[in-house]
Amino acid sequence: MDIVALSDIFLDKFSSSSVRDIALKWNLDDELKKLQESVVDIRSKCFGENNDKAAKMLRDLLYDAEDIFDECGFYTLKSQQQQNHHRKLLQVRHIFYKIRSFAFRVKMVYEMQRLVNRLHKIEMYGKPRNAGALGYGGFRLGSLPPSPPLSFDSLGSSRKSKKTSCANELSAAPSFDRGELLGAESGDAISATTAVLNDFAEIDLCIDYDLLEEEYVDIAYDQANDFIGVQVSSVESLRSRESKRTSSAGESSVATVGAAGVLCDDLGFADECVQGESSDAAYLLERVKLRTLLNRGVRQNDKDRIVEALMERSNEGILSVLPIVGVGGMGKSTLVKLVYNDERVVKHFQLRIWVNVSPCFSVRKVVERIIQSAPANKRMPFRNYEMDELRIVVGDILCKKVYLLVLDGVWNEYEGKWNQLKDFLVAGAKGSKIVVTTRDESVALASAIGTMPIYCVERLANDDCLSLFLKRAFEEGQEEKYPNLVRIGADIVQKCEGVPLGVILLGSSLRGRTREIEWTDIRDHSVWDSQENGKMFPVLKLSYEKLPSYLKACLAYCLIFPKGCEIEIDKLIQLWISQGLIHTSTHFEEPEEIGLEYFNQLSFKSFFQDIEENGLFFGSICKMNDTVHDFLLSLAGSECSTVYAHTQNISEDVKHVAFSDYDESGKQLPTSLLQNHGLRTIFFPVDELGPTSTSFVDNCVSRFMHLRTLDLSHSSFEMLPSSIGELKRLKYFDLSSNCSIQTVPNSIGKLHCLLILRAALCTQLTELPKDAEDLISLRHLYLTTKQESFPDRSVGCLSSLRSLSLYSCKNLVSLSDELKHLRNLRTLTIVDCPKLTFLPSSMKYLTALENLYIIDCDELTLFEWQDIEGIKMVRSLVIGGLPELSSKDVQCFENLKSFVIDGLANLVVLPRWLEGSALTLRNLRIARCPNFLELPEWLKNLTALESIQIAECPRLRSLPAGMHRLTELKELKIDNCPQLSVVCGEEDRAKIAHIKETYLDGILQVQKIQNK
């Protein structure tokens, strides 16, 4: 990440309320102000193209400053916890506590003064930037004067407006709750101080345009006057000059006359087009409209050809493989998805399976996906199966079935692994097909893979590209208001040379931007002349530069995941939080919600793809586009490093390390990494690849004291060293899927800053350590344990918990009544706890609970709903694999928005209490209920419903009357319900005619009706 974006992130942290509270507590507020002012001053004056030394020095200093404030935060939490344990301290102990606090304060003041002194040395390496030189996101900078000082109040209100437009940075977030940090005594003593800061985030011209609101118009024009050297008296004079400049209509282009004309262009006032330009734009829009009227979808011809190839009869005895080849960003995966969901394909193949293949090709992963795609009566646990056992299961699933298997993103020939996989796949019937997408033609040509002619994905037609671009750049119908922008957009599209990803990225980056200069900046950018890394590099560079700094930082951190790796979205957001990349503007905002907003912004811009739900309740998953991953690697510098089997040298500046396919990962750390004491992340992103020896963990804990993230998932060591408690800055700790570890040391209670603890599927873990109650900052706990119940003063003491997830607790009989203390709990997940018989009545005190997921608890009956009537805020409810479900008329879920029932063998009708959510319920899913007979007549009263999904309910025969009253219903999906699918396609069609999208066994029915 470049130094400008990095300094933006740290300056936001340092101006956050949590850091200011810490600075006040430890008498560091003056030093903090000096640090902020010096960083802003140095950044505005220094770092031309040849200042790598200064940039490195500033980078190191910013990380050191973060360490200081994190250490102060840790000691604040520690002192708070000690006070909680010792309310009645002896006088002597109290004196020693004061002495220690004073000594720590002196030490921190000294460390901050050293940082400020280091900043003065950095200035020696700084080189003033020449006017017009490229910098700060690629925009040309002039000698703009600094923005006027803003108070924190005005800065906060300014950033609040920016957040809603998703265009600029969110204000900084507290890492800790103010009350948790300081306690009542210190909190009362804090005065309402405000630090005066320059609005350093608004440096480039693109963001200066936001100052053209009424309260900032004078400031903006003062800056413009100084920059251009033209005296402009008022907005009216500018507009009049621009009006004169554009009044000579009839010419296809107009030369800029005078400096004032240039200024008008730069400030974005030249929105009018000359007549010739307007006519060109109108012609372009007509072509796009014509394409829509002809109903010719993007890649329609390609899709039809591939479908025809898959429908052809194959040679007997040969497993047919269709390779689809295209350069990165060409839309191979999108095209194959269109084929995969085509009506003809759905009807032809009895089973369809989609597998994302990472560069680390895993036969087991493909096999597991095949099993997961099986109908409910074939699905079974398989995590502990040997490969020979899996072969039998897959053979049973594929036996005599015509199947379609898509292997998306194959990178290498994998001849040995391919032969191993074929042994699993030959059980299918003749006519089964495998589709392989790849960038590498040599992969397609390999005799081990290709048995059908290669299909090459060509570049997208220019009209299709423009249509795609306009959909991304404008709200529906808005492009007609900006014909000049359409014309410029057409020029931009031509530069993308038919690569859909480039079109989508640039269109998304311009969404909501209607000033002409913002579009011409992209069209005329010098980066288009670069021949570096092909034509996608300029597109990605331009899209990346348009991102605010906080999104750049989040995107860069994703490099800890290997190319093609599936990413759990919830986990990704938690990793961002652990690194301090999520900033909330107030104490009332949840970082998880802000993190999801960040993710949504990046996914809209197509930096992430293949977003899909993972099972009943598990968080959604996604992938980073491979081309985007390659681009980020080219920019990453030395901060992130992935360690492979062949990796020899690791930069001393690396901060985040991921171990992927590293042969020695279970035994020892790479030698070149041992002296890097500033490491912040150790991560094992690949399933089934984790450390195997205690010595590896000992080295991590003893050498890397600045770790924020420690992921040791899928490990097999038996003991965790007690020194784990020394990682006082650790915020994310993952032990999940370790089937050997039996105990966790009590010293884990010293991790007062820990926010996320993942210990799910640690099947041999006997109990939580007794000092776990001291994890006062813990927000998310994932746990598997052999305990029958949780003792007092354990989980119930974790008052900061936002989510509690219990997986495969085979001996768990009851939950503690101390759950009532978890007043901040938002999500409760209970999965595969076969001996759990009831939920405690204390659950009624969980007034913040929004998500309740109860899955595969064989003995749990939910007859006594009145025990949890106090849960009024539940918005998402998932119930699966339970023996029975009460139909008692209890109105307890008044805010329910999503309800899922899955795998209830004895369910016949929906519970009556669901009618209590008539005004709020938006999503309803019923799946794998073999005895479910009918939907109730009162379903018509659920008028807020937007989506209904019904799957594998073979006895369900019809829809109830009154479906037409569900006017908000936009989606109806019916899968593997033979009788209901037939009725909905015939007699009940009138009941669902108003629904925008109706899918019967994966086929979009609304499209069929339109074609008729």
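Conventions we followed
Residues numbered from 1 in each chain as written. Predicted model: local features only at pLDDT ≥ 70, side-chain atom pairs only at ≥ 80, totals over all residues. Heavy atoms only, no water. Helix = DSSP H or I, 4+ residues; strand = E, 2+ residues; numbered from the N terminus. Areas by Shrake-Rupley, 256 points an atom, 1.4 Å probe, with all protein chains shown as cover. Buried < 20%, exposed > 50% of the residue type's maximum accessible area, 1.4 Å probe, protein only. Core = buried A, V, L, I, M, F, W, Y, C linked by side-chain atoms within 4.5 Å. Contact = heavy atoms within 4.5 Å. Patch = residues over 30% accessible without salt bridge, like charges linked within 9 Å, V, L, I, M, F, W, Y side chains within 5 Å. Salt bridge = Lys/Arg side-chain N within 4 Å of Asp/Glu carboxyl O. Lys, Arg positive; Asp, Glu negative; His and termini not counted. Charge placed at Lys NZ, Arg CZ, Asp CG, Glu CD. Pairing = 2+ DSSP bridges. Axes fitted to C-alpha atoms, helices over the stretch in contact; angles between N-to-C directions. Parallel < 35°, antiparallel > 145°, perpendicular 65-115°, else oblique. Left-handed = near helix turned anticlockwise from the far one by under 90°. Nonpolar A, V, L, I, M, F, W, Y, C, P; charged D, E, K, R; others polar. Phe/Tyr/Trp six-rings, centres within 6.5 Å; stacked < 30°, edge-to-face > 60°. Lys NZ or Arg CZ within 6 Å of the ring centre and 35° of its normal. Arc of directions from axis to C-beta. pLDDT = per-residue confidence, 0-100.

1. A word on the overall build of the protein chain
Tallying secondary structure elements over the protein chain gives 31 helices and 27 strands in all. With an accessible surface of roughly 43700 Å², the protein chain has 49% of that area assigned to carbon and sulfur atoms.

2. Details of unusual backbone geometry
For Lys 400, which is not glycine, the phi dihedral falls at a positive 60°. Tracing the sequence through the fold places Lys 400 in the loop between helix 17 (387–398) and strand 5 (403–408). Assessed through its relative accessible area of 70%, Lys 400 is described here as exposed. A positive phi angle, near 50°, is found at Ser 808, a position not held by glycine. Along the chain, Ser 808 falls in the loop between strand 18 (803–807) and strand 19 (827–831). Among the residues examined, Ser 808 registers a relative accessible area of 17% and is labelled buried.

3. Focus: the nonpolar core
Phe 733 and Phe 899 are the most contacted members of the largest nonpolar core, which has 108 residues in total. What Phe 733 contacts, discounting residues up to four positions off in sequence, is Leu 710, Leu 712, Leu 720, Ile 724, Ile 748, Leu 754, Ile 756, Leu 757 and Arg 758. Core analysis: the second largest hydrophobic core is formed by 99 residues, Val 457, Val 486, Val 539 and Cys 622 among them.

4. Some words on a negative patch on the surface
Residues Glu 568, Asp 570, Asp 687 and Glu 688 make up a contiguous surface patch of negative charge. Within the element layout of this structure, Glu 688 appears in the loop between strand 13 (681–683) and helix 29 (694–703). Judged by its relative accessible area of 56%, Glu 688 is exposed.

5. Some words on the sheet that holds strand 7 (residues 455–456)
As summarised here, the arrangement of the 5 strands in space is 4-5-6-3-7, forming an open sheet in which the pairing is parallel. The outermost strands of the open sheet, each flanked by one partner alone, are strand 4 (351–356) and strand 7. Sheet topology places strand 4 next to strand 5; 6 bridges connect them, and they run parallel. Note that in strand 5 the partner of Asn 356 across the bridge is Asp 408. Against the sheet, helix 14 (residues 332–340) makes contact with strand 3 (320–325), strand 4, strand 5 and strand 6 (433–438), and its axis sits at roughly 165° relative to strand 4, the strand it touches most.

6. Concerning the packing of helix 20 (residues 462–473) against helix 22 (residues 500–509)
One can describe the packing of helix 20 onto helix 22 by two numbers: an axis separation of 7 Å at closest approach and a directional angle of 30°. Relative to helix 22, the element helix 20 lies roughly parallel. Considering only the axes of helix 20 and helix 22, their crossing is right-handed. Packed against helix 20, whose contacting residues are Cys 465, Leu 468, Phe 469, Arg 472 and Ala 473, the element helix 22 presents Pro 500, Val 503, Ile 504, Leu 506, Gly 507 and Ser 508 at the interface. Taken together, the residues of the contact of helix 20 with helix 22 break down into 8 nonpolar, 2 polar and 1 charged.

7. As for the sheet that holds strand 9 (residues 608–612)
In spatial order, the strands read 8-10-9; together these 3 strands make up an open sheet with antiparallel pairing. Single-partner strands in this sheet number two, and they are strand 8 (567–568) and strand 9. As paired strands, strand 9 and strand 10 (residues 621–624) are joined by 3 bridges and run antiparallel to one another. Bridge assignment links Glu 612 to a residue of strand 10, and that residue is Ile 621. Together, strand 9 and strand 10 form the strand contacts of helix 27 (residues 591–604), whose direction differs from that of strand 9 by roughly 115°.

8. Things to note about the packing of aromatic side chains
Scanning the model with the defined rule gives 19 aromatic pairs in all. Taking 5.0 Å as the distance between ring centres and 15° as the angle between the ring planes, the aromatic pair formed by Phe 659 and Phe 684 counts as stacked. Of the two residues, Phe 659 sits in strand 12 (residues 656–659) while Phe 684 sits in the loop between strand 13 and helix 29, which places them 25 residues apart along the sequence. Clustering of aromatic rings is evident, with ring pairs tying together Phe 10, Phe 14, Tyr 63 and Phe 69. Above the face of the Tyr 782 ring, Arg 758 is positioned so that its terminal group lies 4.2 Å from the ring centre. Lying over the aromatic face of Tyr 999, Lys 973 brings its terminal NZ or CZ to 5.3 Å of the ring centre.

9. So, the environment of Leu 77
Mapped onto the elements, Leu 77 comes out in helix 4 (residues 52–85). C-alpha separation for the pair Leu 77 and Ser 777, spaced 700 residues apart in sequence, amounts to 8.5 Å.

10. Some remarks on the pattern of salt bridges
Per the counting criterion, the structure on display carries 46 salt bridges. With a closest N to O distance of 3.1 Å, Arg 439 and Asp 630 form a salt bridge. A residue pair is termed long-range when its members are at least 10 positions apart, and Arg 439 in the loop between strand 6 and helix 19 (441–445) and Asp 630 in helix 28 (residues 626–635) qualify at 191 residues. For Asp 630, a relative accessible area of 27% puts it in the partly exposed group. Notably, a salt bridge pairs Arg 802 with Glu 590, separated by 3.2 Å at the nearest N-O pair. Here the residue Arg 802 occupies a position in the loop between strand 17 (780–783) and strand 18, and Glu 590 occupies one in the loop between helix 26 (569–578) and helix 27, the gap between them amounting to 212 residues. We classify Arg 802 as buried; its relative accessible area is 15%. Accessibility expressed as a relative area gives 9% for Glu 590, which makes it buried. Residues participating in the shared-partner salt-bridge network are Lys 13, Glu 66, Asp 67, Asp 70, Glu 71, Lys 107, Arg 680, Arg 708, Lys 728, Arg 729 and Lys 731.

11. Quick look at the packing of helix 1 (residues 3–14) against helix 25 (residues 549–557)
Where helix 1 meets helix 25, the closest approach of the two axes is 9 Å, and the angle between their N-to-C directions is 105°. Put simply, helix 1 runs roughly perpendicular to helix 25. Touching Val 4, Ala 5, Asp 8 and Ile 9 of helix 1 are Ser 549, Tyr 550, Lys 552 and Ala 553, all from helix 25. Grouping the constituent residues of the contact of helix 1 with helix 25 by class yields 5 nonpolar, 1 polar and 2 charged.

12. Some details on helix 14
When helix 14 is considered as a whole, its buried residues turn out to be Lys 332, Ser 333, Leu 335, Val 336, Val 339 and Tyr 340. Taken end-on, helix 14 shows its buried residues confined to a sector of 160°, consistent with a single buried face. Of the surrounding secondary structure, the elements contacted by the buried residues of helix 14 are helix 13 (300–311), strand 3, helix 15 (343–348), strand 4, strand 5 and strand 6.

13. Some words on a nonpolar patch on the surface
A surface patch of nonpolar side chains, about 200 Å² in accessible area, is lined by Val 908, Val 909 and Leu 933. Classification of Val 908 by relative accessible area gives partly exposed; the value is 36%.

14. Some remarks on the environment of Leu 801
Counting through the fold element by element, Leu 801 comes out in the loop between strand 17 and strand 18. Expressed as a C-alpha distance, the spacing of Leu 801 and Ser 777, which sit 24 residues apart in the sequence, is 7.9 Å.

15. Points about the pairing of strand 17
A regular strand carries its side chains on alternate faces of the sheet. A two-sided burial pattern is seen for strand 17, the buried positions comprising His 780 and Tyr 782 on one face and Leu 781 and Leu 783 on the other. In this sheet, strand 17 lies alongside strand 16 (residues 756–759) in parallel orientation, the contact comprising 4 bridges. Residue pairing in the sheet places Arg 758 in a bridge with Tyr 782 of strand 17. Across 4 bridges, the pairing between strand 17 and strand 18 is parallel. The partner of Leu 783 across the bridge, within strand 18, is Leu 806.

16. Points about the confidence of the model for the protein chain
A residue-level look at the protein chain finds 73% of positions with pLDDT of 70 or above and a mean pLDDT of 76. For the protein chain, per-element mean pLDDT is lowest for strand 2 (residues 139–140), which scores 28, and highest for strand 15 (residues 732–734), which scores 97. Every residue in residues 288–296 scores below 50 in pLDDT, and together they form 11 contacts with partners more than four places removed in sequence or on other chains. The model gives residues 1007–1012 a pLDDT under 50, and that stretch makes 4 contacts with residues more than four places away or in other chains.

17. Description of the environment of Arg 43
Tracing the sequence through the fold places Arg 43 in helix 3 (residues 29–45). The buried category is assigned to Arg 43, whose relative accessible area is 2%. Taking C-alpha positions, Arg 43 is 8.7 Å from Ile 3, a pair spaced 40 residues apart along the chain.

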